[in-house]
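Overview (structure and organization)
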Amino acid sequence: MMYDLFVIGGGINGCGIARDAAGRGLKVFLAEQGDLASGTSSASTKLIHGGLRYLEHYEFRLVREALIEREVLLRAAPHIIWPLRFVLPHHKGLRPRPLIRLGLFLYDHLGGRKILPPTRSVDLRRDVTGEPLREEYLHGYEYSDCWVEDARLVVLSAMDARNKGAEIRTRTKCTSATRQAGHWNLTISGKDEVIEARVLINAAGPWVGNVLTNVVRQNESDKVRMVKGSHIVVDRLYAHDRCYIFQNADGRICFAIPYEQNFTLIGTTDEDHQGDPSNPQITETEIEYLLSATAEYFRRPVTRAQVRWTYSGIRPLYDDGASKAQEATRDYVLKLEGASGEAPMLSVFGGKITTFRRLSESVMDKIAPFFPKLGKSWTAQSALPGGDFPHDDVDRRIADLQRTYSFLKPQNVARIFRAYGTNAEKMFAGARFAKDMGQFFGPLSEREVTYLKTEEWVQEADDILWRRSKLGLHLTADEQAALRAYMKPGVKAKPAKRVKV
Ligand code: FAD
C-alpha cells in the first residue's frame, strides 16, 4: 500500500503531525524506534508555557503562539493539563523591577488570555509563598502558566491519530529511506517489507541529523544543536501549591514545582551535548548547579541526600550559531527538501511541547501543495482522547468516579481520572469490587495494565512506570519487581490478590 506520509519519530512532534494529517484524510505510517515519548518528550519540565525568558531574546512570535496555545491545549486535554501559578521573587542584584513588570505585562496581554488568572504582586513577608524563602526576599510577582503530563500528551496524540486511521508502530526503527520516481521506499527494523510513501517527515528530535546522514544518506544538511537539560526530584520542600521561578546570576532561570504529591521538581540546566542522544544522564556538576541555584532562595537549602530521582533530555534545537546554549532559538524551523518531481522530505528542528499543535499545522501548510484534497485545519477545537469534558469540571468528575468506584482509594481514583479522563470509565467498566480489577502492584491494577497494553502500546514495565505514569516514584521495589515479572513475556501472572480498601 502507498502511504501519503511516513513519519519518523514518536515524540510529541511526530505524533502531533500524524494526528493532524490523519484527521485531514491522509494515509499515515509512523515508526518509533523505542516506546512513544522515549526521547526528549518525556524529559521536559512539563510546562505549557509562553516562556517568559524568551521575551529577553525578542522571540515574540514564539511567545505569542505559545501563550495562545496554553488555553487551546487546556481545553483539549483538561485531565492531563492544568493551570499553575508561578512566584517570581524579586532579587535585588538581578533584573530590575520595571523590566520584570514590563515582561509580565506583555506575558499577560500577548496571548489573548481568557481562562488563566492575571499577574499579581506578592508581599512575600505576608503571603504563604514567602514562608519557604530567605528573609531578604520581600517582594515578588505571581503569574500563570500550565502543567502537562508530557509523555501522556504524546500517547493521546498517537491514540487520536490511530482513531483517525494512522498506523502507529513502536519499537520499529526506520533503517533506510531511498527516493524512487515520485515516492520513498522505506525499510523498518524487524520486517522485510518495504513501505512506500509519497512524503517523508523526519521528526526524529535529537536524532534528526542522524536520520539525514544515516537513514536518508544525505551529504549536507542543516544542523541540530543538541542541548542537554536535567532535572532533580527531591522530597517535597513546602506545603502550598504554587511554583517558583528563580533567576540565577548567569542569566538563566530555574523552576521549583510541586510534583507527584510527595516531591518537588527542580530544573533545568543547559549544556551543549555531542554524540549519541540516547539515554542522557545528569552530571554531578549539574546537580550542584541546581542545588546552589535553589540555595540562593530557599531558607533551608536542598541537600544532595534529598535527591530521589533525576532525569535528563536533549533539546533538538535549530543551530542558529548562537554562542551560548541558553541563547539558541527555542523556535521551530521546518525544512522542506526535494527538487521538482522528487519525493519531498520535511525535517523538523526544534519545537516545544507547547507548540506541537501549531507546528503540525505549519507542516500541513508546507505539504499541502502535494495533496490537493488535504482537509482543513481541525485540531484547535478538538479534544484529545479522554479530554471531552469542560476544563473546569475535573473535580466534580473525580468526585463522581470516587462515589461509583468506592472500593478503590479516593486518591487512586483521582490519579486514574487525571491519566485517562473520560476513558477511565472504559477501564473500570463492569467492576464492582477490588477483586474485579485483578492483581495489584501498589495502586496499579492488572486491569489498568491490560488497558495500557491494548490501548496505549505498552510492552514493558518501564513504559508504565516512567512514561504512561510516574508510578516508578511511588511503587516499592517489591511492587516494581512483581510488575516486571508480570510483564515479562512467557511469565504467568500470579492469581489476583485480595486488596483491602
Ligand atoms: P523526541 O521527543 O525526542 O522524539 C523523537 C523520536 O524519534 C524519539 O522518540 C526517537 O526514539 C525517535 N527516532 C529517532 N530516530 C528514529 C528512527 N530512525 N526510527 C524511528 N524512530 C526514531 N517544551 C515545553 O513546551 N515545555 C517545557 O517545559 C519544556 N521543557 C524542556 C526541558 C528540557 C530539559 C528539555 C530537554 C526540553 C524541554 N522542552 C519543553 C522542549 C520539548 O521537550 C522538546 O522540544 C520536544 O519534546 C521535542 O519533541 P520531538 O518529538 O521533536 O523529539
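Each chain has its residues counted from 1, running along the sequence as written. A pLDDT threshold of at least 70 governs which residues receive local features in this predicted model, and a stricter bar of 80 or more applies before side-chain atom pairs are shown or counted, although totals over entire chains, interfaces and linings include all residues. Excluded from the side-chain calculation are hydrogens and water; included are all heavy atoms of the structure.

**Side note on the packing of helix H12 (residues 461-468) against helix H13 (residues 477-487)**
How we decide: Axes here mean lines fitted to C-alpha atoms, for a helix over just the part in contact, with angles spanning 0 to 180 degrees between N-to-C directions. Secondary structure elements follow DSSP: runs of H or I no shorter than four residues count as helices, runs of E no shorter than two count as strands, and numbering proceeds from the N terminus. Throughout this description, any angle smaller than 35 degrees is read as roughly parallel, any larger than 145 degrees as roughly antiparallel, any in the 65 to 115 degree range as roughly perpendicular, and the remainder as oblique. By the convention used here, residues are in contact when the closest approach between their heavy atoms is within 4.5 Å. Think of it as three bins: nonpolar holds Ala, Val, Leu, Ile, Met, Phe, Trp, Tyr, Cys and Pro, charged holds Asp, Glu, Lys and Arg, and polar takes everything else, Gly as well.
One can describe the packing of H12 onto H13 by two numbers: an axis separation of 8 Å at closest approach and a directional angle of 130°. The orientation of H12 with respect to H13, classified from their angle, is oblique. Of the residues in H13, those touching H12 at Ala461, Asp462, Ile464 and Leu465 are Gln480, Leu483, Arg484 and Met487. In terms of residue class, the contact of H12 with H13 is built from 5 nonpolar, 1 polar and 2 charged.

**Quick word on the site of the ligand**
So the rule is basically this: Near, as used in this document, describes a residue that has one of its heavy atoms within 4 Å of the molecule or strand being considered. Here a polar contact is taken to be a pair of N or O atoms separated by no more than 3.5 Å, where protein atoms must pair a possible hydrogen donor with a possible acceptor and residues adjacent in sequence count only if both atoms sit in side chains.
The immediate surroundings of the ligand are formed by 37 residues, with Glu32, Ser41, Leu47, Gly351 and Thr354 found nearest. Contact distances for the ligand include 3.0 Å between a nitrogen atom and a backbone N or O atom of Cys174. With respect to the ligand, the side chain of Thr354 contributes an N or O atom lying 2.7 Å from an oxygen atom. With 3 residues, the top contributor of residues to the shell around the ligand is strand E16 (residues 307-318). The residue inventory of the shell around the ligand, partitioned by class, reads 12 nonpolar, 20 polar and 5 charged.

**Thoughts on the layout of surface pockets**
Selection rule: In this analysis, the protein atoms alone were mapped onto a 1 Å grid. Cavities are point sets where a 1.4 Å probe fits without being able to get out; pockets are open sets with protein on both sides within 12 Å along at least five of seven lines; lining residues have an atom within 4 Å of a point. Grid points are joined across faces, edges and corners, and a volume is the space filled by probe spheres set on the points.
Considering only enclosed or pocket space, the largest pocket measures out at about 1500 Å³ in volume. Lining of the largest pocket is provided by 50 residues; of these, Glu260, Gln261, Ala414, Arg415 and Arg418 occupy positions nearest its centre. Of all the secondary-structure elements, those providing two or more residues to the lining of the largest pocket are strand E4 (81-89), helix H4 (150-163), strand E13 (253-259), helix H8 (394-404), helix H9 (410-420) and H12. Here the lining of the largest pocket takes 6 residues from H9, the largest share from any one element. Of the residues in the lining of the largest pocket, the class split is 24 nonpolar, 7 polar and 19 charged.

**Focus: the environment of Gly190**
Tracing the backbone shows Gly190 in the loop between strand E9 (184-188) and strand E10 (194-202). Separated by 17 residues in sequence, Gly190 and Lys173 place their C-alpha atoms 8.5 Å apart.

**Description of the confidence of the model for the protein**
The following threshold applies: Scored between 0 and 100, pLDDT is the confidence that the predictor attaches to each residue.
For the protein, mean pLDDT is 94; residues scoring 70 or higher make up 97% of the total. Every residue in residues 493-501 scores below 50 in pLDDT, and together they form 15 contacts with partners more than four places removed in sequence or on other chains.

**Side note on the nonpolar core**
Counted only if it meets this: We call a set of buried residues a nonpolar core when its members are Ala, Val, Leu, Ile, Met, Phe, Trp, Tyr or Cys and they connect through side-chain atoms within 4.5 Å of each other. Exposure is judged per residue with a 1.4 Å probe applied to protein chains only, and the accessible area is read against the type maximum: over 50% gives exposed, under 20% gives buried, and values in between give partly exposed.
Leu5, Ile17, Val28, Ile81, Leu153 and Ile201 are the most contacted members of the largest nonpolar core, which totals 82 residues. With 8 residues, H4 is the single largest residue contributor to this core. Contact partners of Leu153, with chain neighbours within four places excluded, come to Ile12, Ile80, Ile81, Val148, Ile353, Phe356 and Leu384. Core analysis: the second largest hydrophobic core is formed by 29 residues, Ala43, Ile253, Ile257 and Leu473 among them.

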